[in-house]
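# Working through the structure, step by step
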Amino acid sequence: MKRISVMGTGYVGLVTGVCFAELGYEVSCVDIDKQKIEDLKKGISPIYEPGIETLLVKNIKKGRIKFFNNTEEGIAHADVIFIAVGTPSKKDGTVETKYIERAAEEIGRNMRKYAVVINKSTVPVGTGERVAKILEKHAKVKFDVVSNPEFLREGQAISDFLKPDRVVIGVPLGRAKKIMQELYSLIKTEILFTDVRTAEMIKYASNAYLAVSISFINSLSELCEKIGANVDEVALGMKLDQRIGKRAFLNAGPGYGGSCFPKDVKGLISTARKYDTELPLLNVTEEINKRQGDRVLAKVVGLVKGLHGKKVAVWGLAFKPETDDLRESPAVRLVEDLLSAGAEVVCFDPVAEANGRQLFPQITFSNNSLGMLKDADCLVIMTEWKQFREITLLQIKKNIGRANIVDARNIYKKAEAEALGFHYEGIGQ
Ligand code: NAD
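Owing to the predicted nature of the structure, the values given are computational and were not obtained by experimental measurement.

Along its length, the chain carries 17 helices and 14 strands. Counting only C-alpha atoms, the chain reaches 70 × 45 × 40 Å along its principal axes. Looking at the chain as a whole, 55% of its 429 residues qualify as buried. At a minimum sequence separation of 6, the contacts of the chain that also span at least 24 residues come to 71%. Of the roughly 19700 Å² of accessible surface on the chain, 52% is carried by carbon and sulfur atoms. In the chain, 62 positive and 55 negative side-chain charges are present, and the distance between their average locations comes to 3 Å.

Okay, unusual backbone geometry next. In this structure, Glu-322 is a non-glycine residue whose phi angle is positive, near 65 degrees. If you trace the backbone, Glu-322 turns up in the loop between strand S9 (311–315) and helix H13 (330–340). Glu-322 sits in the partly exposed class, given a relative accessible area of 29%. Phi is positive for Asp-375, which is not a glycine, with a value near 65 degrees. You can see Asp-375 is positioned in the loop between strand S11 (364–365) and strand S12 (378–381).

Moving on to the pairing of strand S1 (residues 3–7). S1 sits mainly inside the fold: four of its five residues count as buried. Here S1 runs beside strand S2 (residues 26–30); their pairing, made up of five bridges, is parallel. Bridging across to S2, Met-7 finds its partner in Val-30. Once you follow S1 into helix H1 (residues 11–22) and on to S2, the crossover reads as right-handed. Strand direction decides the pairing type here: S1 and strand S4 (residues 80–83), joined by four bridges, are parallel. Looking across to S4, one finds that Val-6 is bridged to Phe-82.

Here the focus is the environment of Phe-365. For Phe-365, the location among the structural elements is in strand S11. For Phe-365, a relative accessible area of 10% corresponds to the buried category. Taking the C-alpha atoms as reference points, Phe-365 and Glu-344, separated by 21 residues in sequence, lie 12 Å from one another. Not counting the four nearest positions on each side in its chain, Phe-365 is found in contact with Leu-317, Cys-347, Glu-353, Gly-356, Arg-357 and Phe-360.

Let us look at the site of the ligand. In the vicinity of the ligand lie 26 residues, with Asp-31, Lys-36, Thr-87, Glu-154 and Lys-263 positioned nearest. Contact between the ligand and Thr-87: an oxygen atom at 2.5 Å from a side-chain N or O atom of the residue. In this structure, Glu-154 approaches the ligand through a side-chain N or O atom, which is 2.7 Å from a nitrogen atom. Notes on the ligand: free accessible area 830 Å², of which the protein chains cover 91%. Among the secondary structure elements, those contributing two or more residues to the shell around the ligand are H1 and helix H5 (98–110). For the shell around the ligand, the per-class residue count stands at ten nonpolar, seven polar and nine charged.

Overall, the coordinates contain one cavity of 30 Å³ or more when judged by the stated rule. Taken together, Asn-119, Ser-121, Thr-122, Val-123, Ser-147, Asn-148, Pro-149, Glu-200 and Lys-203 make up the lining of the largest cavity. Taken together, the residues of the lining of the largest cavity break down into two nonpolar, five polar and two charged.

Secondary-structure assignment places Asn-289 in helix H12 (residues 280–304). Assessed through its relative accessible area of 13%, Asn-289 is described here as buried. Sequence separation between Asn-289 and Gly-255 is 34 residues, and the spatial gap between their C-alpha atoms is 5.1 Å. Residues contacting Asn-289, with those up to four places away along its chain left out, are Ser-215, Gly-255, Tyr-256 and Arg-333. A distance of 2.7 Å separates a polar atom in the side chain of Asn-289 from the backbone nitrogen of Tyr-256.

Rules and cut-offs
- Residues numbered from 1 in each chain as written.
- Predicted model: local features only at pLDDT ≥ 70, side-chain atom pairs only at ≥ 80, totals over all residues.
- Heavy atoms only, no water.
- Helix = DSSP H or I, 4+ residues; strand = E, 2+ residues; numbered from the N terminus.
- Buried < 20%, exposed > 50% of the residue type's maximum accessible area, 1.4 Å probe, protein only.
- Contact = heavy atoms within 4.5 Å.
- Areas by Shrake-Rupley, 256 points an atom, 1.4 Å probe, with all protein chains shown as cover.
- Lys, Arg positive; Asp, Glu negative; His and termini not counted.
- Charge placed at Lys NZ, Arg CZ, Asp CG, Glu CD.
- Pairing = 2+ DSSP bridges.
- Right-handed = clockwise from strand over helix to strand, strands pointing away.
- Near = heavy atom within 4 Å.
- Polar contact = N/O pair within 3.5 Å; in protein donor to acceptor, adjacent residues only side chain to side chain.
- Nonpolar A, V, L, I, M, F, W, Y, C, P; charged D, E, K, R; others polar.
- 1 Å grid on protein atoms, 1.4 Å probe; cavity = no way out; pocket = protein on both sides within 12 Å on 5 of 7 lines; lining within 4 Å.
- Points joined across faces, edges and corners; volume = space filled by probe spheres on them.

The structure is reproduced here in structure tokens:
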């Protein structure tokens, strides 16, 4: 059985390492962050992801997963080496690939035998060739470079990894393709083999398409409010068309966020520019996304009539439920806007509080969804955590200072809220 190394133990690297260990492989994970490696050795996950710690502890005990702060030891025996480091946006929207390049250089310097080097990070088209060049410069042994983009969703990453909709592998014909086939033989799904550039493009195309769907339904949500239609039912009706599909990503809300969609949309726009073309649909997608965030803020302002000195209670800070990831979260942007307008903010997020405290040391965090509503001028629902869905409008009514709700996730119905005397603003209701 092939031995696997993974460079980077963030959301993607750790899930990749733990899941391959669960499938029986011998896995070594490397990270430059000493604290993460120390915690991981003790079975403590640096990220919140349902199920990850159980699998982590189990596979450490079985001796199938090990953690290193040092590339030389971490890749010493590897037959395949995944690169799963971050690729954030630069200020100008282009993709920062310096972490990939550094990882490639470290791999090149420390490889002692043939290995397949796999880009699992989301990387701009052409990065596979760039990584190959870096390896050529530093490695004394043969290698192949493969693109194997990751499609997991935070919050359901383990099942997405072990039972994915598809696996995409951009690989040259020959030895590397056989190794990749063997590597994924235990995962029962459709495997699409392509060339490296096409695989890199598939990842951006998929995320951009999902972002377009969200901006599409969000732009309709504004019209639905004006004409008196319900956007959730519009989406439901659309999804029954099999060309659109039951799982289509048509959830109206405060706009897309997270560590992937915003940066990948920007990344694809900048790639198009680099090749002297344009993707106007994606420019509009970004504009709509920003506008949707502005609309949520405007709804709060409309209900409380001026934010200065007002107390706003915010349910949810993570960009979606079941994660502690705050990167590009619409809730983070809203809190920033509320604070700059002079509002007092109290926030509850079941798992993102620790990350939230680092970003917003000046706000109050509560773990009492109803208690925090005392004297609040408005409740804003930004993340649809299950525990928020279980709270009734009547409970809110009994606890809140003024009966104002901005429900950016449509967990309640406008008619029911208004019947109870709330001033209620949902999205597209
Ligand atoms: P992350 O920031 O959570 O983790 C990256 C990790 O890499 C960090 O722990 C960092 O310390 C480590 N690192 C950086 N340089 C290193 C090096 N030279 N050697 C070893 N470790 C190094 O990032 P993430 O969210 O896991 O994303 C990783 C990649 O996967 C990105 O390209 C992202 O776009 C892509 N992706 C992310 C998701 C997601 O849901 N988070 C889903 C699919 C794809």
